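Listed below, chain by chain, are the residues.
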Amino acid sequence: MNDPTRTVGFIGLGHMGGPMAANLVKAGHRVIGFDLVPELLATATAAGVEAAGSAAAAVTAADVVITMLPAGRHVLGLYRDDGLLAAARPGTLFVDCSTIDVADARTAHDAAVAAGMRALDAPVSGGVPGAEAATLTFMAGGAHTEFAEAEPLLAAMGRKAVHCGGAGAGQAAKICNNMILGVSMIAVSEAFVLGERLGLSHQALFDVASTASGQCWALTVNCPVPGPVPTSPANRDYAPGFAAPLMAKDLGLAANAARTAHVPAHLGLAAARLYADYAAGAGAEQDFSGIVRTLRDGTATAPGCAPASDTKDGTAT
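As a convention, each chain's residues are numbered from 1 in the sequence order in which they are written. In keeping with the predicted nature of the model, local features appear solely for residues at pLDDT of at least 70, side-chain atom pairs appear and are counted solely at 80 or more, and the whole-chain, interface and lining totals rest on all residues. Side-chain numbers come from the whole structure's heavy atoms, not from hydrogens or water.

Q: So what exactly am I meant to see when it comes to the side chain of aspartate 121 here?
A: Only DSSP runs of H or I reaching four residues or more are called helices, and only runs of E reaching two or more are called strands; each is numbered from the N terminus. Relative to the elements of secondary structure, aspartate 121 occurs in strand β6 (residues 118-121). At a separation of 2.8 Å, a polar atom in the side chain of aspartate 121 contacts the main-chain amide nitrogen of glycine 168. Ignoring sequence-local partners within four residues, the contact set of aspartate 121 consists of Asp96, Ala105, Met139, Ala140, Gly141, Gly142, Gly166, Ala167, Gly168, Ala169, Gly170 and Gln171. Any pair of nitrogen or oxygen atoms within 3.5 Å is treated as a polar contact; in protein, a donor-acceptor pairing is required on top of that, and neighbouring residues in sequence qualify only through side-chain atoms on both sides. The criterion used for residue contact is that any of the two residues' heavy atoms lie within 4.5 Å.

Q: Where do I start with the packing of helix α4 (residues 72-81) against helix α6 (residues 102-114) in this structure?
A: To describe two helices that pack against each other, one gives the angle between their axes and the distance between the axes. Only the stretch in contact is used when fitting a helix axis, every axis being a line fitted to C-alpha atoms; angles between N-to-C directions are given from 0 to 180 degrees. Packing of α4 against α6 brings their axes to within 10 Å, and their N-to-C directions diverge by 10°. One element, α4, and the other, α6, form an angle in the roughly parallel class. Mapping the contact onto sequence places Gly72, Val75, Leu76, Tyr79 and Arg80 in α4 and Asp104, Thr107, Ala108, Ala111 and Ala112 in α6. Of the residues assigned to the contact of α4 with α6, the class counts are six nonpolar, two polar and two charged. Angle categories: roughly parallel below 35 degrees, roughly antiparallel above 145, roughly perpendicular from 65 to 115, and oblique for all the rest. Put simply, Ala, Val, Leu, Ile, Met, Phe, Trp, Tyr, Cys and Pro go in the nonpolar bin, Asp, Glu, Lys and Arg in the charged bin, and everything else, Gly too, in the polar bin.

Q: Would you explain the packing of helix α9 (residues 169-197) against helix α10 (residues 202-209) in this entry?
A: Two elements in contact, α9 and α10, have axes separated by 10 Å at closest approach and are oriented at 130°. Of the possible angle classes, the one that applies to α9 and α10 is oblique. At the point where α9 passes α10, the crossing takes the right-handed sense. Together, Ala191, Phe192 and Glu196 of α9 and His202, Leu205 and Phe206 of α10 make up the contact between the two elements. Residue classes in the contact of α9 with α10 are distributed as four nonpolar, one polar and one charged. Each crossing gets its hand from how the near helix is turned against the far one by less than a right angle, where anticlockwise is left-handed and clockwise is right-handed.

Q: Whenever I open this one, α6 confuses me. Can you help?
A: Note: α-helices contain 3.6 residues per turn, so residues at a spacing of three or four share the same orientation. Between its terminal C-alpha atoms α6 stretches 18 Å, which fits the 18 Å expected from 13 residues at 1.5 Å a residue. A 1.4 Å probe rolled over the protein chains alone gives each residue an accessible area, and that area as a share of the maximum for its type sets the label: buried under 20%, exposed over 50%, partly exposed in between. Buried within α6 we find Val102, Ala105, Ala108, His109, Ala111 and Ala112. Each element contacted by the buried residues of α6 is listed here: α4, α5 (84-87), β6 and α9. Capping the start of α6, aspartate 101 holds a side-chain oxygen 2.9 Å from the backbone nitrogen of alanine 103, two or three residues further along. Following α6 by one or two positions, glycine 116 adopts a phi angle in the positive range, close to 85°. One less than the number of residues in a helix, times 1.5 Å, gives the span that helix is expected to have.

Q: Just checking my understanding: could you explain the environment of glutamine 171 for this structure?
A: Within the element layout of this structure, glutamine 171 appears in helix α9. Between the C-alpha atoms of glutamine 171 and threonine 99, which are 72 residues apart in sequence, the distance is 6.5 Å. Setting aside its immediate chain neighbours within four residues, glutamine 171 contacts Asp96, Ser98, Thr99, Ile100, Val102, Ala105, Asp121 and Pro123.

Q: Could you clarify how one ought to interpret the pattern of salt bridges in this entry?
A: Between side chains of opposite charge, a pair can form when the charged atoms approach closely. Salt bridge, as used here: a side-chain nitrogen of Lys or Arg that lies within 4 Å of a carboxyl oxygen of Asp or Glu. Throughout the structure, instances matching the rule amount to nine salt bridges. The salt bridge partner of glutamate 149 is arginine 6, with a shortest N-O separation of 2.9 Å. One end of the pair, glutamate 149, is in helix α8 (residues 144-157); the other, arginine 6, is in the segment before β1 (7-11), with 143 residues separating them in the sequence. Accessibility classification places glutamate 149 together with arginine 6 in one group, the buried group.

Q: I tried to follow unusual backbone geometry on my own but got confused; where do I start?
A: Outside of glycine, negative phi angles account for most residues, and trans bonds account for most peptide bonds. Positive phi values are uncommon outside glycine, yet alanine 134 reaches one of about 60°. With respect to the secondary-structure elements, alanine 134 resides in the loop between α7 (127-133) and β8 (136-141). The backbone of histidine 262 shows a phi angle near 60°, a positive value even though the residue is not glycine. Following the sequence through the fold, histidine 262 ends up in the loop between α12 (244-260) and α13 (266-280).

Structure (structure tokens):
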């Protein structure tokens, strides 16, 4: 679109949605927002977002509606049961940035189209730091025309947006990406624990792996041990940048998709189980990289695998 400014209805102003809405305001867009939590709405208002009394009220004057919600049931509930689609003007573009099941994304898309709207699924990668710094990556699913219209708004909230295909393709890309991330964080964490047992310092292992074939984002940006990467959550007692329960949710979506698509995904399924256990216990309020602690103390065990402390010469005892 050539219009440099838009009126955006923004629903969901939490740790991710709040900073994203604020960045749209900084870019010159009018943002009308709503959240069920008064404190979150107040924080967004302080950043320039206009507060609406309800989700429906936030979208009546919007050119584009952006949702950032916890799960598919919330998106579908707002679209259909809570009247969001009925409240918007015909032809309004709905952009869902939540991370939800691919099937739910396609259902939401179909519901929007049936109501005379247009739709795009555009989940994000980058966590809270990326939302705050406007460096998110968006993975979009929907028609080219809808992606082109949304792109200036996505650019105000992130540094990269990729059109991945039709409805649901953005969600598919997101869960595949995060399956890679979850598996790689476990691998990096296991390597550091093994290095500790073999007498390697964290810095020595980092200096080798970060410039060798073991190099990956989980190592060089979100290093799971304190020291080598000063900005990683490990140096803040694992205060979350990307919380473990969110990783557990995303890996659960990936596991469900793998089963539905009849993909073995042995490592992805094991990672999903490990993170589900971690998020339900010690990791409930920690960064996902904190899983290194459970790997270190031997409490993390994937289905069918014996803990390291119960093995000898490769044979379970």
